[in-house]
Amino acid sequence: MASYLLRRVGTSALVLLLASIVVFVGVRALPGDAALALAGEERDPAALEQIREKYGLNDPVPVQYVRYLGNSLQGDLGFSTRTGLDVTDIILERLPVTLELALLSLAVGLLIGIPAGILAALRRGSWVDNASNAFGLLGLSIPNFWLGLVLILLVSVQWGLLPASGYVPFLEDPLGNLQRMLLPAIVLGTGLSAVLMRQMRSAMLETMSADYVRTARSKGLSERSVVLVHALRNSLVTVVTVLGLQLGALISGAVITEQIFVIPGFGKLIVDGVFTRDYPVIQGVALVTVFGYVFVNLLVDLTYSFLNPRIRVSGGAS
Amino acid sequence: MTTTVSERVPTGPASDALLSVQDLHIRFSTEDGPVHAVNGVSFDLAAGEILALVGESGCGKSVTAMSVPGLLSPNATVDGRILLQGRDLLGLSAKELRAVRGKEISFVFQEPMSSLNPAFTVGKQIREVLQRHEGLSKKAAHERAVDLLRLVRIPAPERRVDEYPHQMSGGMRQRVMIAIAVACGPKVLVADEPTTALDVTIQAGVLDILRGLRDELGTAIILITHDLGVVADLADRVVVMYAGRPVEQAEVHELFAHPQHPYTNGLLGAVPHREKGVELVAGRRLREIPGLVPSLRSDPDECVFAPRCPRSTEVCVSRRPPLEPTRPHHPAACFHPGEDE
Ligand SMILES: Nc1ncnc2c1ncn2[C@@H]1O[C@H](COP(=O)(O)OP(=O)(O)OP(=O)(O)O)[C@@H](O)[C@H]1O
Ligand SMILES: [Mg+2]
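Residues numbered from 1 in each chain as written. Chains lettered and ligands numbered in written order. Predicted model: local features only at pLDDT ≥ 70, side-chain atom pairs only at ≥ 80, totals over all residues. Heavy atoms only, no water.

## Details of the domain arrangement of chain A
All names here are of chain A. Examined at the domain level, chain A breaks down into domain 1 (1–74) and domain 2 (93–313). Domain 1 and domain 2 are separated by 32 Å when their C-alpha centres are compared. In this complex, domain 1 contributes 21 residues to the contact, which on the side of domain 2 involves 17 residues. When the two sides are added together, the surface that domain 1 and domain 2 hide from each other amounts to roughly 1,800 Å², 73% of it contributed by carbon and sulfur. At the surface where domain 1 touches domain 2, the tally comes to one residue pair in polar contact (both at pLDDT 80 or more). At the level of secondary structure, the elements contributing two or more residues to the side of domain 1 that touches domain 2 comprise helix 1 (2–29), helix 2 (34–39) and helix 4 (61–73). Sorting elements by how many residues they give to the side of domain 1 that touches domain 2 places helix 1 first, with 13 residues. Residues that form the side of domain 1 that touches domain 2 fall into these classes: 15 nonpolar, four polar and two charged. (Domains from an automatic or database assignment. Contact = heavy atoms within 4.5 Å. Buried area = accessible area lost by both parts, 1.4 Å probe. Polar contact = N/O pair within 3.5 Å; in protein donor to acceptor, adjacent residues only side chain to side chain. Helix = DSSP H or I, 4+ residues; strand = E, 2+ residues; numbered from the N terminus. Nonpolar A, V, L, I, M, F, W, Y, C, P; charged D, E, K, R; others polar.)

Right, dumping it as structure tokens:
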């Protein structure tokens, strides 16, 4: 177990390093001149040259990268070229917003997807199964922006039940915060729940016909423990893997959803950053996102190995 | 209070059978139509007896056995009577049946590699059945689990009890399955080809354990096997099945010495020293008999073995041969019974 953990942490670090290179080079490949964006109205070549010198834009790209990496490791992500604010501060301010949205969406996805998938598998061919399948197909094919707009129109505009947009920090006004986060979380969580539902259903169908489930029945165990202990535990192994992959989709979905609901989170930060060619912000956000993604996948892997003793406990038949 | 007629009386035959299966029919409904998997199987099992079910692959041995504790898939229809000490298991509710499973009747399945749950330690999988039926505390169940592992001769049981199935060999997993099956002291143990998937070197050990259970705990065993050596070695009585039907039934020495049905004769044909019966080489398989096993799409009123039978005549395809004694206590379903020359 310990060596497995070490190995996983090692590969994660490697992934992060590679990602930082990709992010750095990618940002530099964006069309447009950073110096021009920095200069604003200024078009004087001498002034531009001065800006380039000041931000180290004249150095070879590898040199720029090493400097950037060194600073990043110390938590210094530079300053926004647009607002002049410390990128680390901006990110620390926006991160909790997106994290909350992601967690709420995850909750929506799990709360709908897992039970629906289990029920659909247990009542295969029944109306529950058909309804779940229809939901799964819809949930996967409906784009986030459309669902977001429809929900705003119906729930907020038509019925006036929830605010259509905006954000208040949870600590300031918990109820108001949840009221505003609910719709975006549903929008993001729907697609996730559809994926989880389908995965859960097929995993359960498979495990329910496994030999060890028949063994569990032959012991006289209640149907509840046959399903919820013996079958579910093994189904979760595959579902958790899929969950890890889906978190990437959740992050990119958050970009669009935050735009629609005007939530000042990460997604909005990166979009604004791209439009204003704010390199330090784009870089910082991308790096933190990748970091989060790698970290979550590490967590997923650990959960996976917890669920699956074949990974956790080595040692073959003797 | 007086005893009234409405009081439950055993409905079985006037025998001391622990388990009595009577006129069992099992049909599966599938997308391609019905499958008549078992047609009219009957047998009695006495306490402490080992009854062997033999026959070619697909003849319905496993489904017959699985129908007893009600473990067939939902697409199965079971008719007949399955009396455990006079109580018809087919009439029990799901809840009543669950109280019987693992407690009074337990099962060792054909597939040792996949029959244990990979996610839990073998200790937990043994404890579970003890906690379910014996109401033991977790600690007491754990101690019992170690004892049971010792009973099935797993070395270092205190350590092994915390291992996962993937850390064990096939033979050891099968012994864990047996430990689970005997945990609550069942009256009937069904062992479905308990050694087929195992290495020859460990087969004998597993069979010894089964014999020990019968001798020491008086457990009655339904033993399903392809292996005539195992039958001769372990069984008291044998039911021979062919295409879902019972074709012959006898005490083991009688069967080996005087096989009546041509199918049984065929199975035993290649076995040397037939007259001595028990002197069979362990590991000997049923002999291949030329011809194809009939489909189970229908249950025709004729002898299903006739197309492959060297003795078949007109009468064989005109009606179904009844399973009747052709020698004392030795029924065979054949119009031309007797030993091969
Ligand atoms: N769930 C099911 N649905 C349809 N048919 C089934 C089902 N289970 C078993 N059968 C059929 O019933 C017949 C008997 O199967 P069974 O497993 O009892 O054979 P067996 O004698 O145990 O063979 P083997 O020696 O290979 O284990 C087979 O033809 C099989 O295809
Ligand atoms: Mg079988």
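Picking up after the structure, the text goes on.
## Some details on the nonpolar core
In terms of nonpolar packing, the biggest core is built from 101 residues, with B:Leu19, B:Leu89, B:Ile126, B:Val176, B:Ile178, B:Val188 and B:Leu210 touching the most fellow members. When residues in this core are grouped by element, the largest group, eight residues, is from helix 6 (residues 170–182) of chain B. Setting aside residues no more than four positions away along its own chain, B:Val188 makes contact with B:Leu18, B:Leu19, B:Leu45, B:Leu84, B:Glu104, B:Ile105, B:Ser106, B:Thr219, B:Ala220 and B:Ile222. Within the second largest apolar cluster, 39 residues are counted, among which are A:Leu101, A:Leu192, A:Val213 and A:Leu250. (Core = buried A, V, L, I, M, F, W, Y, C linked by side-chain atoms within 4.5 Å. Buried < 20%, exposed > 50% of the residue type's maximum accessible area, 1.4 Å probe, protein only.)

## Points about the site of ligand 1
Residue and element names in this part refer to chain B. Not every one of the 17 residues close to ligand 1 is listed here, only the nearest: Ser57, Gly58, Lys61, Ser62 and Gln110. Note that an oxygen atom of ligand 1 is positioned 2.9 Å from one of the side-chain N or O atoms of Lys61. A distance of 3.2 Å separates an oxygen atom of ligand 1 from a polar atom in the side chain of His226. Protein contacts shield 70% of the accessible area of ligand 1, which totals 640 Å² for the unbound molecule. Among the cavities detected, the one that contains ligand 1 is the largest pocket. Every element with two or more residues in the shell around ligand 1 is listed here: strand 1 (19–30) and helix 1 (61–67). Among the elements that make up the shell around ligand 1, the one with the highest residue count is helix 1 (three residues). When the residues that make up the shell around ligand 1 are grouped by side-chain class, the tally is five nonpolar, nine polar and three charged. (Near = heavy atom within 4 Å. Areas by Shrake-Rupley, 256 points an atom, 1.4 Å probe, with all protein chains shown as cover. 1 Å grid on protein atoms, 1.4 Å probe; cavity = no way out; pocket = protein on both sides within 12 Å on 5 of 7 lines; lining within 4 Å. Sits in = over half its atoms within 2 Å of the grid points.)

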